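# Structural description and commentary
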Amino acid sequence: MSLKALANCTYSDLESLVSNLGQPVFRAKQIMEWVFKHYELDPDRMLNLPLKLREELKSKLICMSSEIKEVSKASDKTTKLLISLSDDEAIEMVIIPSHQRITFCLSTQVGCPVGCRFCASGEGGLVRNLKAHEIIEQLYHGIAHSGKFPDNIVFMGIGEGLLNFDNLAEALEKITEADHIGMSPRRITISSSGYVPGIYRLIELGKPFILAVSLHAVDDETRSEIIPGKLRYPIAEILQACDDYENKIGRMVTFEYTMLAGVNDSAAAAEKLAAMARGHHAKVNLIPCNETSEEFKRPAEIDILNFRDILEKTGVTVMLRLEKGGKVAAACGQLRVKHLKKTADND
Ligand code: SAH
Ligand code: SF4
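What comes next is a walk through the structure. (Residues numbered from 1 in each chain as written. Chains lettered and ligands numbered in written order. Predicted model: local features only at pLDDT ≥ 70, side-chain atom pairs only at ≥ 80, totals over all residues. Heavy atoms only, no water.)

Let's shift gears to the site of ligand 1. Not every one of the 20 residues close to ligand 1 is listed here, only the nearest: Gly159, Ser191, Ser214, His216 and Asn290. In this structure, an oxygen atom belonging to ligand 1 sits 2.6 Å away from a side-chain N or O atom of Ser214. Within the side chain of Glu256, an N or O atom sits 3.3 Å from an oxygen atom of ligand 1. A total of 530 Å² of accessible area belongs to ligand 1 in isolation, and the protein chains cover 95% of it. Elements with a minimum of two residues in the shell around ligand 1: β10 (188-192), β12 (254-259) and β13 (283-288). (Near = heavy atom within 4 Å. Polar contact = N/O pair within 3.5 Å; in protein donor to acceptor, adjacent residues only side chain to side chain. Areas by Shrake-Rupley, 256 points an atom, 1.4 Å probe, with all protein chains shown as cover. Helix = DSSP H or I, 4+ residues; strand = E, 2+ residues; numbered from the N terminus.)

What follows is the structure, encoded as structure tokens:
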């Protein structure tokens with residue numbers, strides 16, 4: 001039987017574990033406090049537990065299965081952690097400080113099956129889904145590294161979370177439940193490439209997460225130049241799912257728009273996106289392309305600003321980060337690809 005992970009144990013899991021080990025049940029509460037209040041997954045540091053119990057926890061549970069392998073920092077203090085998993089695969093999480101707040105960007109898969117043509121994460125396809133505890137452990141690494149609990153979490157790292165729905169939902173449950181980590185779902189954004197069946201499953205969870213949908217284009221033809229066909233849904237179906245999300249969950253949806261020079265950055269596209277955002281009551285997050293290949297280029301700054309101004313003039317709320325750290329965050333997947341290439345070169 002495979003071991004259970006400490007990061008997603010429930011109180012009753014721990015209660016039965018400690019009683020099977022002949023320990024009083026209050027120990028379960030002490031362990032819960034370490035894991036979910038002090039963000040500690042290493043039993044060796046749970047100093048109010050008897051040494052024997054700490055040893056038994058290490059043998060009966062997966063405590064921390066991943067480790068930080070590399071840290072890369074941008075000039076604005078945005079920090080990217082390369083995290084290696086128990087099978088030596090690697091993922092990334094990013095710590096983004098801005099205006100007294102700190103945001104963690106987490107991954108949901110190793111690689112990605114969607115394969116958007118500008119994105120490093122999709123380059124080698126999907127390797128595997130992350131397990132729920134591997135998703136949660138990224139949060140623990142971020143807290144240990146920054147010394148802070150995040151104000152916001154965005155699932156905008158490697159992978160399409162809605163294609164790893166069950167594990168993502170389990171991680172979200174632990175992160176939001178009051179007797180676990182207890183973070184408000186209102187501070188958690190789930191970004192999707194527009195995987196419509198996944199949006200409907202997210203609606204079924206019934207919690208007020210923020211949904212961000214990577215639209216990238218205002219017509220299906222342009223979108224098909226950016227996102228390959230197999231997992232791409234028609235824009236009309238995505239917009240319908242966004243409307244249903246807002247009506248049932250009561251939260252405004254965000255449209256993400258990765259700006260690609262000469263592909264989707266025209267004034268006409270901006271006008272159409274503005275109309276779409278107004279019609280569907282959405283905010284827009286403009287992400288200037290961080291170049292990962294020769295194929296797609298970042299538009300000139302003046303074109304990015306003009307595009308933004310067209311949206312803003314019609315009253316649409318637009319988010320745009322132009323500084324360097326934004327590039328580090330937007331380019332999630334690049335550190336992993338660099339690491340994979342380095343490993344391959346050394347073989
Ligand atoms: N798979 C999900 C979440 C991860 S990607 C999704 O696609 O939404 C998160 C965001 O980063 C997406 O909007 C994606 O378009 C953007 N992104 C990925 N690579 C990028 C790059 N090289 N430059 C700019 N944005 C990028
Ligand atoms: Fe996957 Fe998102 Fe990258 Fe597209 S942008 S390949 S969906 S991680």
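Now, onward.
Turning to the site of ligand 2, a few remarks are in order. Around ligand 2, a shell composed of Cys112, Val114, Gly115, Cys116, Cys119, Ser121, Gly122, Gly159 and Ser193 is seen. Along the lines of polarity and charge, the residues of the shell around ligand 2 split into 4 nonpolar, 5 polar and no charged. (Nonpolar A, V, L, I, M, F, W, Y, C, P; charged D, E, K, R; others polar.)

This next bit is on the packing of aromatic side chains. Counting across every chain of the model gives 4 aromatic pairs. Members of the aromatic cluster, connected to one another through ring pairs, are Tyr39, Tyr140 and Phe149. (Phe/Tyr/Trp six-rings, centres within 6.5 Å; stacked < 30°, edge-to-face > 60°.)

This next bit is on the layout of surface pockets. Each pocket or cavity is described by its volume, and for the second largest pocket that value is around 220 Å³. Lining the second largest pocket are His38, Tyr39, Glu40, Leu41, Asp42, Arg45, Met64, Ile68, Tyr140, His141, Ile143 and Ala144. Examining the composition of the lining of the second largest pocket, we find that 4 residues originate from one element, helix α4 (residues 132-146), more than from any other. Two domains each donate at least three residues to the lining of the second largest pocket, and these are domain 1 (4-62) and domain 2 (67-346). (1 Å grid on protein atoms, 1.4 Å probe; cavity = no way out; pocket = protein on both sides within 12 Å on 5 of 7 lines; lining within 4 Å. Points joined across faces, edges and corners; volume = space filled by probe spheres on them. Domains from an automatic or database assignment.)

What follows covers the pattern of salt bridges. The tally for this structure, following the rule as stated, stands at 14 salt bridges. One salt bridge connects Arg128 with Asp87, and the closest N-O pair in it is separated by 2.7 Å. With a gap of 41 residues between them, Arg128 in strand β8 (residues 126-129) and Asp87 in the loop between β4 (79-84) and β5 (90-98) connect regions that are remote in the sequence. Given a relative accessible area of 38%, Asp87 falls into the partly exposed group. (Salt bridge = Lys/Arg side-chain N within 4 Å of Asp/Glu carboxyl O. Buried < 20%, exposed > 50% of the residue type's maximum accessible area, 1.4 Å probe, protein only.)

With that settled, the discussion passes to the sheet that holds β13. Strands sit in the order β3-β4-β5-β6-β9-β10-β11-β12-β13-β14 across an open sheet of 10 strands; the sheet is mixed. Where the open sheet ends on each side, the last strands, each with one partner, are β3 (67-73) and β14 (318-320). Neighbour-to-neighbour, the strand axes of the sheet open up by a mean angle of 20°, direction not taken into account. Bridge analysis of β4 against β5 gives 6 bridges, and the strand direction is antiparallel. Directly across from Leu82, in β5, lies its bridge partner Glu92. Together, β3, β4, β5, β6 (101-105) and β9 (152-155) form the strand contacts of α4, whose direction differs from that of β5 by roughly 45°. (Pairing = 2+ DSSP bridges. Axes fitted to C-alpha atoms, helices over the stretch in contact; angles between N-to-C directions. Contact = heavy atoms within 4.5 Å.)

Moving on, we come to the side chain of Asn264. Tracing the backbone shows Asn264 in the loop between β12 and α9 (267-279). Separated by 2.8 Å, the side chain of Asn264 and the backbone oxygen of His216 make a polar contact. Among the polar contacts listed, one links the side chain of Asn264 to the backbone nitrogen of Leu260, at a separation of 2.8 Å. Leaving out residues up to four positions away in the same chain, Asn264 has contacts with His216, Ile226, Tyr257, Thr258, Met259, Ala269 and Phe307.

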